[in-house]
Amino acid sequence: MSRRSPPGPLDYGRRLWLRLWLLATFVFLYAPIVILVAFSFNDSRRNIVWQGFTTKYYIAAWNNASLLEAFTNSLIVAAVSTSLSTVLGAMLAVALWRFRFPAKPLLEGANALPIVIPEICMGVALLVFFSRAGLLASLGWPLGLLPVILGHVTFSFPFVAIVVRARLATFDRSLEEASLDLGASEWQTFRYILLPWMKPGLVAGALLSATLSLDDFVITFFTSGPETLTFPVKIYSMVRFGATPEVNAASTVLILVTLIMTVLAMRLQSPARAETTQ
Amino acid sequence: MTAPVVRIEDVSKRFGRVVAVDEVTLEIPRNAFFALLGPSGCGKTTLLRMIAGFERPTSGRILIDGEDVANVPPNRRPVNMVFQSYAVFPHMSVRRNVAYGLEVVGTPKAEVERRVAEALAMVRLDGLADRMPDQLSGGQKQRVALARALVKRPKLLLLDEPLSALDRKLREEMQLELVRLQREVGITFVIVTHDQDEALSMATAVAVMNLGRVLQVAPPRELYERPRTRFVADFIGSANVLELEAVEREGEGWRVKAPGFGWLRLCTDAAQPVAIALRPEKIEHGPVGARPPQGSVAASGRLVQSAYFGDYSRLFVEVGGIGLVCYRYHRGGSPPLPAPGESLLLWFRPEDAVPLSA
C-alpha cells in the first residue's frame, strides 16, 4: 500500500535518479578497492587477467622479510606517533579552549599550519632539519624510526587538537563549576568530568592520527633511512618493478587492519557501551 | 542562631566598564528561604556566583558564618549550588552523580552509600538511582541536582533560577517541594529568580534587585503591601503608580494630591513621597452615582477596555488622563460588565495607597 504513494518532498531516498547517483558514487569509491582485493587472490604474475583462485601471494608476502619488516615499522611508527600526538593534541586543545593568553591567536594559526602546508614542503623541511640535527642515517633500526615518528607527530597532532577542540566546544562549563562546587579539586574535575567528555574526541583524533600515519608516504619518504622503510614506501619501491599480486595481498592486509581499528573505535564510542562501562 | 549565615558588605562587581553589582550590603538570616528577585541583568546571578566563589568581588567583603571567604576557592566553601542548567554529569548514573561530591573528598564508602540513599529518598528519586541522566525528565534532573547539593550538608544552598526550565505544572509542584525540603533539612536556601510568584510563594524574605542594587529587603507580604519604590511596586504584582501633583507636610503624615482623585492624607513617617501605588484589587468601582463608603477617595473615569481571565476581568479605566487597572471578580449575581466607553466611578481607601519615595 505505502509503496504506491508518491515520494514526499524530503523522501530523497525514494527517488530513482538519486539512487542511481548514489550507486555510481559507491562504485566510483569502492571499485578500485574491490578489484585490488579480488586480484590479490589471482593466480597470475601479471595483474591483468583472472587466472584462478590462490592464496599463495599472501604466503609470499608473509615470507618476504623486508616487506614484513616495513609492515612492522609502520605499525610501530603509527602506535608511537598516535600516542604522542593524541596527548599533545589534547593538551593543546584544552589550553586553547580553557585559557586566554596574549599569543593565543598566533598559536591557533600555528596549530593549523601543519595541516595546510604542502606535504612536500614539510618533508623537505624535516629532512633538512633532521640532517642538520644529525638524526638521520646514523642510527640503527629501532632508533632510526625516531625521525619518522617525529615527522608523523608533527603533522598529525594538529588534527587531534582540532577534533578534540570541536568536542570541547559543546562542553557545558557549568559541569566544571558544579564539580568544583561539590568539593572536587581542579585535577579531579579534569579527570572525572572533562576527560570523560573529551573521550569520543580523543578516540576519533587518535584514529585519524593512526590512519594518517599508516598511509603517509611523502613525509615518510623524506625522513626514513634505507633501513627504516615503512609499508607505503616499501610498496612504492615494489610497484616500480611491476605490481605483483603480492602487493595486492599486502595492501589487503593493511585495509583489513584499518577496518578492524575503525570498527573497534566505533564500538568503543557507541553510547550503549559508554553506559555500561561508566 | 540569630547571627546571619551570610553577610555581604559593600560588595561591588565590575566586568570591564559594566557594573553588575553595585555596593550591595545584605544579610541572609539563618534557616531562611531567601530570594534574590529582579529582572534579568540586575546582578542577582552575579551576586549568587560571588557567594559560591565563582566570581571575586571587585570590592567589599563576603562573610559566611562570620568568616571572610575572599580567598576560599569554591571547592572549600560550605556552600553548594543548584545550577540553572542542572549541570548533572551526563556520563554518570544518578547514584554516582549524588555520590560524587562525597567521593572526591574521600568520604568512607559505607557512609557515602548511606548518605546517597538518604538524599535520594529526600528528593523522592529512590527508584531511579541507576538511571543515566539522558533517561530522566527535566524535573527529575532537577531533583538529582538538588540531592547532589544537599548530600554535602552545606550551610547554604544556592539555587540559580532552578525552576525556569520546567513547565508550569511541574514548576508549581517543585515550589512546594523546595519549601518542604528547606523545612526538612534546615539549611538556608538562597534562590535567584526573576519570577515574582516564585519568590513570593516560597521565600521567607525577598531582596528585590535592579541595576546592580538591592532596593528593598522584606518578607513577601510586606514587599507586596508596602513597596518603597516605584520599581518594587511595579515589579511585584501589578500596581497603578500615580505621580503626585502636590505634597504637603501635615502633622505626622503627608497631604498629597493625586491626579484625578484630588487630595488625600497619607499616614506615614517615611520620607517625602513622590508617588503612590495602588494595587488593582484595592480599587473598587461602581456605576456613576454609586455611593463610595465613608472616608474613601473617589474619581470618575471611563472604561477603555476589559480583558477576560475566567475568574475575573481586568478593567482598563482612564481617570484624569491616566490609565488605571482594576479588577472585577466574577461572583454569582455580579452585575454585567460595563461596555467600553461607559463612565464608571472608582474609589479606594486612603490607607491602601502606598507612598513611594523613589
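Residues numbered from 1 in each chain as written. Chains lettered and ligands numbered in written order. Predicted model: local features only at pLDDT ≥ 70, side-chain atom pairs only at ≥ 80, totals over all residues. Heavy atoms only, no water.

Enquirer: Is there a simple way to think about a nonpolar patch on the surface in this case?
Expert: Residues and elements named next belong to chain A. Among the surface-exposed residues, Leu22, Phe26, Phe28, Leu29, Tyr30, Ile33, Val34 and Ile255 lie close enough to one another that they form a single nonpolar patch of about 810 Å² accessible area. Looking at the nonpolar patch, the element that brings in the most residues is helix 1 (residues 16-39), giving 7 residues. Secondary-structure assignment places isoleucine 33 in helix 1. With relative accessibility at 37%, the residue isoleucine 33 sits in the partly exposed group. (Patch = residues over 30% accessible without salt bridge, like charges linked within 9 Å, V, L, I, M, F, W, Y side chains within 5 Å. Areas by Shrake-Rupley, 256 points an atom, 1.4 Å probe, with all protein chains shown as cover. Salt bridge = Lys/Arg side-chain N within 4 Å of Asp/Glu carboxyl O. Helix = DSSP H or I, 4+ residues; strand = E, 2+ residues; numbered from the N terminus. Buried < 20%, exposed > 50% of the residue type's maximum accessible area, 1.4 Å probe, protein only.)

Enquirer: Help me understand the interface of chain B and chain A in this model?
Expert: By a frequent convention, interface size equals the accessible area lost on bringing the separate parts together. Residue-level contacts link 26 residues of chain B with 20 residues of chain A. Of all residues in chain B, Asn75, His91 and Tyr100 of chain B bury the most surface against chain A, accounting for 30% of the area lost on that side. Across the chain B-chain A interface, the total number found is 1 salt bridge. For glutamate 177 of chain A, the salt bridge identified is with arginine 49 of chain B, shortest N-O distance 2.6 Å. Our enumeration of links across chain B and chain A arrives at 10 residue pairs in polar contact (both at pLDDT 80 or more). For the side of chain B that touches chain A, the elements supplying multiple residues, two or more each, are helix 1 (44-52), strand 6 (79-82), helix 2 (94-103) and helix 4 (138-150) of chain B. (Contact = heavy atoms within 4.5 Å. Buried area = accessible area lost by both parts, 1.4 Å probe. Polar contact = N/O pair within 3.5 Å; in protein donor to acceptor, adjacent residues only side chain to side chain.)

Enquirer: Sorry if this is basic, but what is going on with the environment of threonine 54 of chain A here?
Expert: Residue and element names in this part refer to chain A. Counting through the fold element by element, threonine 54 comes out in the loop between helix 1 and helix 2 (56-63). With 140 residues separating them along the chain, threonine 54 and leucine 194 place their C-alpha atoms 52 Å apart. Among all residues touching threonine 54, those that are not within four sequence positions of it are Ser40, Phe41, Asn42 and Asp43. Polar contacts involving the side chain of threonine 54 include one to the main-chain amide nitrogen of lysine 56, which spans 3.0 Å.

Enquirer: Sorry if this is basic, but what is going on with the sheet that holds strand 4 (residues 59-64) of chain B here?
Expert: Strand pairs in the sheet, formed through backbone hydrogen bonds, run parallel or antiparallel to each other. Residues and elements named next belong to chain B. On the basis of which strands lie adjacent, the open sheet formed by 4 strands has the order 2-1-4-5 and antiparallel pairing. Either end of the sheet is taken by a strand with one partner, and the two such strands are strand 2 (18-28) and strand 5 (67-68). Taken together, the 2 bridges between strand 4 and strand 5 define a ladder with antiparallel strand orientation. Each residue of the ladder has a partner; that of isoleucine 64, found in strand 5, is glutamate 67. Sheet contacts for helix 1: strand 1 (6-15), strand 2 and strand 4; angle to strand 2, the most-contacted strand, approximately 65°. (Pairing = 2+ DSSP bridges. Axes fitted to C-alpha atoms, helices over the stretch in contact; angles between N-to-C directions.)

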